[in-house]
Amino acid sequence: MAGSTVPAGPVQDGVAQGGALQDGEVGQVWDVVPLGAEGPRDARDRALELLADVGDVDGALAVAAMLPATLRPGGDGTVAVWELLATVASRDLGLARAIEPHLDALAILAQAGLAPDDVVADGARASWGVFAAEGPAATLAAQASDDGRVVLLDGTKPWCSLADRLDAALVTARDAAGERQLYAVDLRHPGVGAAAEEWVARGLTEIPSTGLELTAVPAVAVGEPGWYLERPGFAWGGAGVAACWYGGAVGLARTLREQVERRSEAELLLMHLGDVDEHLHAARAVLGDAAREVAVGRPTPVTTARVRAVVARTCERVLRTAAHALGPAPLALDAAHAKRVVDLEIYVRQHHAERDLVSLGRKNLATGPSW
């Protein structure tokens, strides 16, 4: 990325206020994806330095435990986390997809007043995930051991991304009363095994997200029953995923812009670039607004629902527009572009389209519109 830099000093709306890290100083140079909200960026910049030479998911997981402890969403540090995720995703969505749940898990533990070492042996040096998906065909139950001293998890947990390579995870299960409870689990326990599924996706191939089978696996409760969904952090947690989607769309837009710069006389390409600019600006605006709401302690579930809806629609639009503007050549001949397209297509399906819009409509009636 010629000319791209990681600001070494404070950043306001993407403009470096101090010096900038140059090629050769910290490996690859990052082209930062700014969101416009105010807040400290030191943790973001340090994380980008650590990730500069990382080229695959295993490398990202190895670095994860070394990321700054202040890199947590909530308060004025939120924008640093979301810009980090968007910046990494603009280069490689797989790397962002590996880092995001690790940071989310550590933030959840902090919200519960727990340190990683409190719940898992050597947890501070572990790579973490969050497995909270549930489904009718996959149930995970928590029961006290025979001596009543520990909680054991038994059953199936679906959609466990990178479970074969992570050290630990926060996992939701049903307790003896049937309530949803969050637990910390050491994935290195011999009772943790892969479900009989094959990850056949063509996008995010390096992030297998198949199920787990747990048999008498010890677990430590995190928060009270129901706390996972009721905690303040749940109101903004899903926006971090949307920041990753947004970064992937920015990566596609940069490819399009490079083509337009070479053929600036092409009216249709200019039209496509303008269309992408319009939608990306809207997505950036809602992410920035959400970061400001979190900073002053006013985020709500409807905030995240709106952010995810706008960013998901933007990604779908950018995918379509880039395909129309660029044609088949980069899909067939540009490995980075082709990977970004299929990665974003599957990643953005974490937004449940019309079903999530129904939920947003209900929230609108319950809380009132913002317009």
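Residues numbered from 1 in each chain as written. Predicted model: local features only at pLDDT ≥ 70, side-chain atom pairs only at ≥ 80, totals over all residues. Heavy atoms only, no water.

1. Brief notes about unusual backbone geometry
Item 1. Positive phi, normally seen in glycine, also occurs at W159, with a value near 55°.
Item 2. With respect to the helices and strands, the residue W159 is situated in the loop between β7 (151-157) and β8 (168-174).
Item 3. Even without a glycine there, the phi angle at L204 is positive, about 50°.
Item 4. Tracing the backbone through its elements, the reader meets L204 in the loop between β10 (192-194) and β11 (212-221). (Helix = DSSP H or I, 4+ residues; strand = E, 2+ residues; numbered from the N terminus.)

2. Things to note about helix α9 (residues 301-326)
Item 1. For α9, which comprises 26 residues, the first-to-last C-alpha distance of 37 Å matches the rise-based estimate of 38 Å (1.5 Å per residue) to within 8%.
Item 2. At the C-terminal side of α9, G327 shows a positive phi close to 70°. (Expected span 1.5 Å × (residues − 1).)

3. Remarks on helix α1 (residues 42-51)
Item 1. Of all 10 residues in α1, seven are buried; the element is thus mostly enclosed.
Item 2. The complete set of buried residues in α1 reads A43, R44, D45, A47, L48, L50 and L51. (Buried < 20%, exposed > 50% of the residue type's maximum accessible area, 1.4 Å probe, protein only.)

4. Focus on the pattern of salt bridges
Item 1. For the coordinates displayed, the defined rule picks out 18 salt bridges.
Item 2. Here R180 ties to E134 by a salt bridge, and the two come within 3.0 Å at their closest N and O atoms. Of this pair, R180 sits in strand β9 (residues 180-186) while E134 sits in the loop between β5 (128-131) and β6 (140-144), placing them 46 residues apart in sequence.
Item 3. Exposure remark for E134: the relative accessible area of 36% places this residue in the partly exposed category.
Item 4. A salt bridge links K339 to E206, with the nearest nitrogen and oxygen atoms 2.8 Å apart. One end of the pair, K339, is in helix α11 (residues 335-347); the other, E206, is in the loop between β10 and β11, with 133 residues separating them in the sequence.
Item 5. A cluster of three or more residues bridged by salt bridges with shared partners is formed by R41, R44, D45 and E83. (Salt bridge = Lys/Arg side-chain N within 4 Å of Asp/Glu carboxyl O.)

5. Considering the layout of surface pockets
Item 1. Roughly 1,600 Å³ of volume is contained in the largest pocket.
Item 2. Of all elements in the fold, only α4 (93-111), β5, α6 (227-230), α7 (234-262), α9, α11 and α12 (354-367) reach the threshold of two or more residues within the lining of the largest pocket.
Item 3. No other element matches α7, which puts five residues into the lining of the largest pocket.
Item 4. Among the residues forming the lining of the largest pocket, the class breakdown is 22 nonpolar, 11 polar and 12 charged. (1 Å grid on protein atoms, 1.4 Å probe; cavity = no way out; pocket = protein on both sides within 12 Å on 5 of 7 lines; lining within 4 Å. Points joined across faces, edges and corners; volume = space filled by probe spheres on them. Nonpolar A, V, L, I, M, F, W, Y, C, P; charged D, E, K, R; others polar.)

6. A closer look at the packing of helix α8 (residues 267-295) against α9
Item 1. At a closest axis distance of 9 Å, the pairing of α8 and α9 adopts a crossing angle of 165°. Taken together, the axes of α8 and α9 lie roughly antiparallel to each other. When you trace α8 past α9, the crossing you get is left-handed. Mapping the contact onto sequence places L269, H272, D275, V276, H279, L280, A282, A283, V286, L287, A290 and E293 in α8 and T303, V307, V310, V311, T314, R317, V318, T321, H324 and A325 in α9.
Item 2. Residue composition of the contact of α8 with α9, grouped by class: 13 nonpolar, six polar and three charged. (Axes fitted to C-alpha atoms, helices over the stretch in contact; angles between N-to-C directions. Parallel < 35°, antiparallel > 145°, perpendicular 65-115°, else oblique. Left-handed = near helix turned anticlockwise from the far one by under 90°. Contact = heavy atoms within 4.5 Å.)

7. Considerations on the confidence of the model for the chain
Item 1. Predicted confidence across the chain gives a mean pLDDT of 90, with 92% of residues reaching 70 or more.
Item 2. Confidence over residues 1-27 falls short of pLDDT 50; this stretch has 54 contacts with residues more than four positions distant or in other chains. (pLDDT = per-residue confidence, 0-100.)

8. Quick word on the pairing of β8
Item 1. Counting buried residues in β8 gives six out of seven residues, a clear majority hidden from the surface.
Item 2. One ladder, built from four bridges, connects β5 with β8; its direction is parallel. Following the sheet pairing, G129 is matched in β8 by A169.
Item 3. As paired strands, β8 and β9 are joined by seven bridges and run antiparallel to one another. Note on β9: the bridge partner recorded for R174 is R180.
Item 4. Connecting β8 to the antiparallel partner β9 that follows it, the hairpin turn spans five residues, and G178 within it adopts a positive phi of roughly 85°. (Pairing = 2+ DSSP bridges.)

9. Topic: the packing of α4 against α11
Axis angle and axis distance: for two packed helices, these are the angle between their axes and the distance between the axes, and together they describe the pair.
Item 1. Between α4 and α11, whose axes approach to 9 Å, the crossing angle comes to 35°. In this structure, α4 contributes L93, G94 and R97 to the contact, and α11 contributes K339, R340, D343, L344 and Y347.
Item 2. Residue composition of the contact of α4 with α11, by class: three nonpolar, one polar and four charged.

10. Observations concerning the environment of A312
Item 1. Considering the arrangement of structural elements, one finds A312 in helix α9.
Item 2. Owing to a relative accessible area of 2%, A312 belongs among the buried residues under this scheme.
Item 3. Residues A312 and A235, 77 residues apart in the sequence, show an inter-C-alpha distance of 17 Å.
Item 4. If we ignore the near neighbours within four places in the chain, the residues touching A312 are W245, V348 and H351.

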